[in-house]
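# Reading the structure
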Amino acid sequence: MTTESVSPRLHPHGGLLGIRAQHHTGIVTADFDGDIDFYRRTLGYELGFSVRGMADQFARMVGIPGVSCDLAQLYNPRTRTRIELIRAHAVPDDADPAAPVHVGVAHTAYLVDDIAAAAELIRDEGGRMLGEIVEFDEGPAAYFRTGGGTVIEIEQPHERTPEGGE
């Protein structure tokens with residue numbers, strides 16, 4: 001599909017998926033605590049939440065059995081942006097080098113109203129799910145690789161949140 005073509009399935013806003021908002025950018029880091037401090041002190045982010053040792057949900061989402069992670073989400077009230085920092089553990093040597101478990105690999109996350117329909121559309125457009133749709137307290141989420149090789153996350157929140165807000 002070229003950038004000039006228009007599909008009859010396009011929503012007025014948000015493309016084929018009807019994206020409500022970009023939720024966060026996730027980055028895999030080697031220095032989890034150091035980067036939390038950096039984003040807070042240097043860039044003005046506030047820690048929203050942090051979890052250590054997330055195993056089952058993370059492994060199922062990335063599609064790599066046995067991996068776990070430490071994860072923190074930070075929010076900048078001035079820029080209204082959210083950053084997610086991830087430090088992965090027990091990554092097998094043969095793991096896909098573009099998987100969101102390696103230092104420096106990033107993903108962008110988007111909010112949708114129907115994650116199952118979004119997953120089907122992503123597959124129709126040449127993407128593939130990395131693991132599976134996983135349920136979190138906030139709602140289900142899944143990682144996908146686009147046809148061009150980038151990683152995106154799709155989330156279907158149980159509750160609507162203000163754009164960019166907590």
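All of the points below concern the structure found in this document. (Residues numbered from 1 in each chain as written. Predicted model: local features only at pLDDT ≥ 70, side-chain atom pairs only at ≥ 80, totals over all residues. Heavy atoms only, no water.)

## Focus: the overall build of the protein chain
Along the protein chain, the regular secondary structure elements total 3 helices and 9 strands. Listing every helix and strand of the protein chain by position from the N terminus yields β-α-β-α-β-β-β-α-β-β-β-β. In the protein chain, buried positions account for 42% of the 166 residues. Relative to all contacts within the protein chain whose residues are 6 or more apart in sequence, the contacts with residues 24 or more apart total 60%. Put simply, the protein chain shows about 9,100 Å² of open surface, and 51% of that area lies on carbon and sulfur atoms. (Helix = DSSP H or I, 4+ residues; strand = E, 2+ residues; numbered from the N terminus. Buried < 20%, exposed > 50% of the residue type's maximum accessible area, 1.4 Å probe, protein only. Contact = heavy atoms within 4.5 Å. Areas by Shrake-Rupley, 256 points an atom, 1.4 Å probe, with all protein chains shown as cover.)

## A look at the side chain of Asp70
Note that Asp70 resides in strand S3 (residues 68-76). Side chain to side chain, Asp70 and Arg87 meet in a polar contact 2.5 Å long. Of note is the side chain of Asp70, whose polar atom sits 3.0 Å from the side chain of His89. The residues touching Asp70, leaving out its near neighbours within four places in the chain, are Phe32, Val51, Arg52, Gly53, Leu85, Ile86, Arg87 and His89. (Polar contact = N/O pair within 3.5 Å; in protein donor to acceptor, adjacent residues only side chain to side chain.)

## A few points about helix H3 (residues 115-124)
Within H3, the full set of buried residues consists of Ile115, Ala118, Ala119, Leu121 and Ile122. With its buried residues spanning 165° around the axis, H3 presents them on a single face. Turning to H3, the residues buried within the fold contact strand S6 (128-129), strand S8 (139-145) and strand S9 (151-155). For H3, the N-terminal cap is Asp114; the gap from its side-chain oxygen to the backbone nitrogen of Ala116 is 3.2 Å. One or two residues past the end of H3 sits Gly126, with phi positive at roughly 95°. (Arc of directions from axis to C-beta.)

## Quick look at the pattern of salt bridges
Under the criterion given, the structure shown has 7 salt bridges. A salt bridge links Arg52 to Asp33; the nearest nitrogen and oxygen atoms lie 2.4 Å apart. With Arg52 in strand S2 (residues 46-54) and Asp33 in helix H1 (residues 32-41), the pair connects residues that are 19 residues apart, well separated along the chain. A relative accessible area of 48% places Arg52 in the partly exposed class. Where Arg145 meets Asp96, a salt bridge forms, and the shortest distance between an N and an O atom there is 2.6 Å. Here Arg145, found in strand S8, pairs with Asp96, found in the loop between strand S4 (81-89) and strand S5 (106-111); they are 49 residues apart in sequence, far enough to count as distant. (Salt bridge = Lys/Arg side-chain N within 4 Å of Asp/Glu carboxyl O.)

## Quick notes on the nonpolar core
General note: in soluble globular proteins, nonpolar side chains tend to be found buried as a group. Judged by nonpolar contacts, the single largest core of 21 residues is most densely connected at Phe58, Val62, Ile64, Ile86, Val101 and Tyr143. Secondary structure elements with two or more residues in this core: helix H2 (56-62), S3, S4, strand S7 (134-136) and S8. Residue contributions to this core peak at 4 residues, all from H2. Setting aside its immediate chain neighbours within four residues, Ile86 contacts Ile27, Val28, Thr29, Phe58, Cys69, Asp70, Leu71, His107 and Tyr143. (Core = buried A, V, L, I, M, F, W, Y, C linked by side-chain atoms within 4.5 Å.)

## Points about the pairing of strand S1 (residues 21-28)
As paired strands, S1 and S5 are joined by 6 bridges and run antiparallel to one another. Bridge pairing links His24 to Ala109 in S5. Across 4 bridges, the pairing between S1 and S4 is parallel. Across the sheet, residue Thr25 finds its bridge partner in S4, namely Ile83. (Pairing = 2+ DSSP bridges.)

Shape is all these values report; function is a separate question.
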